[in-house]
Amino acid sequence: MKISIIGCGYVGLVTGACLAELGHEVLGVDNDLEKVRILQSGGVPIYEPGLETLVGTHRQEGRLKFSSEIREAVEHGQIIFICVNTPPKPDGGVDLSFVEAVSREIARHMTAYRLVVEKSTVPVQTGDWVRRTISENIRPGVEFDVASNPEFLREGTGIRDFLHPDRVVIGASSERATSLLVSLYEPLNAPLLLTDIKSAELIKHSANAFLAVKISFINAVARVCSLSGADIKKVAKGIGLDHRIGMASMEAGIGYGGMCLPKDVKAFIQIAREVGYDFELLEATERINASQRLWPVQVLQQTLGEPLRTRKVAILGLSFKPNTDDLRSAASLDIIAALQAEGARVRAYDPIAMERALKKVPETTMCQDPYQAARDAEALVICTEWQEFRHLDLPRLREEMARPLVVDGRNLFEPARMAELGFEYRCVGRPILPASPRSRTASAT
Ligand SMILES: NC(=O)c1ccc[n+]([C@@H]2O[C@H](COP(=O)([O-])OP(=O)(O)OC[C@H]3O[C@@H](n4cnc5c(N)ncnc54)[C@H](O)[C@@H]3O)[C@@H](O)[C@H]2O)c1
């Protein structure tokens, strides 16, 4: 089938490349001319594992092309996916101006039937509004459908998530639209959930809100563990093994970040308010998350003393999660800003995201590896659970540090082992064990 994708960001590019992988002819369109230039010359403007190879292969075989012209997208694809960004407005609602602009332009160029699909995350009832927008701008007599096909891929595992989804949600209001999308996704052999458009839209916000609730719940339990001497790893396992609850998203840490959960929770609160419901559960979820993100700063203030002026702090991990260069709502940035506001000197290391991060926290010294970041540091904070951090040479790391204080926002290590190695180890919701006397702590402080 001929498919057009409008918006070649994390979702649009993965969607386009994966649909090409399924054998479809895909045209990706973006209004960021630099992005299009990179894509047309064989590069990929974002980091997503496997994406460069997939895009390269299908571009060379002619199944994946790029343009900056929406007119070409409308001419090319019988199905047009809208994958543009839907950023938050100051009141927490969703800024739909990009969706609106694209819908208008699609309508203006349409000369024959097209199926316009919302893949961007949009509030319930947006489908009606997109349909109205297109109707007001289209030539008389041209038929079209609008459908909702929310995307559930996660950055870092985007290709696998797209090609092996738990489910594909198709919200459509006509037989024609439903059957086009069903045949598009048929090769995936995935469970298909056919719904009306509003339910499909609401499924996406509800799914992200529920994940956020789960994360804040386990983080709140971790706080109780810290105060009572229980161990969150054991508690999470004990409750997660109950199949009604499940183990996924049950790792305590420094909360959720990224492009989706923070904005989608905020949006869902606002959407619920607009239809007359006060979603207090989500307001509490947000509050817990906000405080959890700055927990490492509190630990440093308590341990090193306030203010943190001239303290040397190392940060490991900048991206909001591993295997991506995405820094949107990354906890690391809030932590660095809070530390620097108190006058701390921050050195950081991330396998992928340092170049992007430097634009956001320019006062930070970016380092070649974790050991260089840790050199002479009085504390080290782990913000992202990159796989390579699990395999650090811990004795070497301890030797590099002026004070072997590790604040682990992702619970990567066993407290007993860290204490044995001489670290003052603070993690989320697990017991604090005294560092072994072999530690350099006494001489360094
Ligand atoms: N990132 C994720 O993990 C993820 C997962 C599921 C759903 N979503 C949702 O998908 C949507 C896109 O997210 P993203 O992370 O890919 O965003 P993104 O910012 O990475 O990409 C959006 C792209 O749309 C382009 N764009 C904006 N206006 C345009 C226009 N008028 N014409 C052409 N291109 C235009 C931008 O230049 C950008 O390249 C959002 O609604 C998001 O909530 C994101």
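Draft legend 1. Quick peek at the overall build of the protein. Counting its regular elements, the protein contains 20 helices and 14 strands. On C-alpha atoms alone, the protein measures out to a radius of gyration of 24 Å, which is about the 22 Å that the 2.2 N^0.38 rule sets for 445 residues. When the backbone C-alpha atoms are referred to their principal axes, the protein occupies close to 80 × 50 × 40 Å. Classification of the 445 residues of the protein by burial places 46% in the buried group.

Draft legend 2. Broad picture of the environment of Tyr256. Tracing the chain through its elements places Tyr256 in the loop between helix H10 (232–240) and helix H11 (261–274). Along the primary structure Tyr256 and His76 are separated by 180 residues, whereas in three dimensions their C-alpha atoms are 38 Å apart. If we ignore the near neighbours within four places in the chain, the residues touching Tyr256 are Ala212, Ile215, Leu261, Pro262 and Asn289.

Draft legend 3. Quick look at the pairing of strand E12 (residues 379–382). Burial of E12 is two-sided: the residues Ala379 and Val381 facing one way and the residues Leu380 and Ile382 facing the other way are all buried. Here strand E9 (residues 312–316) runs beside E12; their pairing, made up of four bridges, is parallel. Considered in E12, the bridge of Leu316 is made with Ile382.

Draft legend 4. Examining the confidence of the model for the protein more closely. Looking at the protein, pLDDT values average 96 and 98% of them are 70 or higher. For the stretch residues 439–445, pLDDT sits under 50, and the model shows 11 contacts to residues farther than four places along the chain or on other chains.

Draft legend 5. Representation of the site of the ligand in the model. The immediate surroundings of the ligand are formed by 27 residues, with Gly7, Gly9, Val11, Ser120 and Thr121 found nearest. Looking at the shell around the ligand, the elements that each hand over two or more residues are helix H1 (10–21) and helix H5 (97–109).

Draft legend 6. Examining the nonpolar core more closely. Ile6, Val313 and Ile315 are the most contacted members of the largest nonpolar core, which totals 124 residues. In terms of residue count, the dominant contributor to this core is helix H9 (residues 197–228) (nine residues). When neighbours within four sequence positions are excluded, Ile6 is seen to be in contact with Val29, Ile70, Ala73, Ile80, Phe81, Ile82, Cys83, Val84 and Val102.

Draft legend 7. Representation of the packing of H5 against helix H6 (residues 126–137) within the structure. Across the interface, H5 lies against H6 with an axial gap of 8 Å and an inter-helix angle of 40°. Taken together, the axes of H5 and H6 lie oblique to each other. Judged by the twist between their axes, the crossing of H5 over H6 is right-handed. Contacts between H5 and H6 involve Val99, Glu100, Ser103, Arg104, Ile106, Ala107 and Arg108 from the former and Val130, Thr133, Ile134 and Asn137 from the latter. Of the residues that constitute the contact of H5 with H6, the class distribution is five nonpolar, three polar and three charged.

Draft legend 8. The packing of H9 against H11, seen in detail. Here H9 crosses H11 at 115°, and the two axes come no closer than 9 Å. When the axes of H9 and H11 are compared, the pair comes out roughly perpendicular. Along this stretch, H9 crosses H11, giving a crossing that reads as left-handed. The residues of H11 that touch H9, namely those facing His205, Asn208, Ala209, Leu211 and Ala212, are Leu261, Asp264, Val265, Ala267, Phe268 and Ile271. Its residues assigned to classes, the contact of H9 with H11 shows eight nonpolar, two polar and one charged.

Draft legend 9. Just the domain arrangement of the protein, in detail. What the domain assignment lists for the protein is domain 1 (2–195), domain 2 (204–291) and domain 3 (294–444). Taken residue by residue, the interface counts eight residues in domain 1 and seven residues in domain 3. Here the side of domain 1 that touches domain 3 is composed, by residue class, of four nonpolar, two polar and two charged.

Draft legend 10. Fine view of unusual backbone geometry. Of note, the amide linkage connecting Glu306 to Pro307 takes the cis form, showing an omega dihedral of -15°. Relative to the elements of secondary structure, Pro307 occurs in the loop between helix H13 (295–304) and E9. A positive phi angle, near 90°, is found at Gln125, a position not held by glycine. With a phi angle near 55°, Ser249 is a residue other than glycine that sits in the positive phi range. Counting through the fold element by element, Ser249 comes out in the loop between H10 and H11. Classification of Ser249 as partly exposed rests on a count of 16 C-beta atoms within 10 Å.

Draft legend 11. Summary view of the sheet that holds strand E8 (residues 192–195). Spatial strand order, E3-E2-E1-E4-E5-E6-E7-E8: eight strands in an open sheet with mixed pairing. Two strands in the sheet have a free side with no partner beyond their single neighbour: strand E3 (64–67) and E8. Ignoring strand direction, the axes of neighbouring strands in this sheet form an average angle of 25°. Bridging between strand E5 (residues 114–118) and strand E6 (residues 144–148) involves five bridges; their strand directions are parallel. Among the inter-strand pairings, Leu115 is bridged to a residue of E6, identified as Asp145.

How each quantity is defined
Residues numbered from 1 in each chain as written. Predicted model: local features only at pLDDT ≥ 70, side-chain atom pairs only at ≥ 80, totals over all residues. Helix = DSSP H or I, 4+ residues; strand = E, 2+ residues; numbered from the N terminus. Rg over C-alpha atoms; globule rule 2.2 N^0.38 Å. Buried ≥ 20, exposed ≤ 12 C-beta atoms within 10 Å, placed from the backbone. Contact = placed C-beta atoms within 7 Å. Pairing = 2+ DSSP bridges. pLDDT = per-residue confidence, 0-100. Near = placed C-beta within 6 Å. Core = buried A, V, L, I, M, F, W, Y, C linked by C-beta atoms within 7 Å. Axes fitted to C-alpha atoms, helices over the stretch in contact; angles between N-to-C directions. Parallel < 35°, antiparallel > 145°, perpendicular 65-115°, else oblique. Left-handed = near helix turned anticlockwise from the far one by under 90°. Nonpolar A, V, L, I, M, F, W, Y, C, P; charged D, E, K, R; others polar. Domains from an automatic or database assignment.

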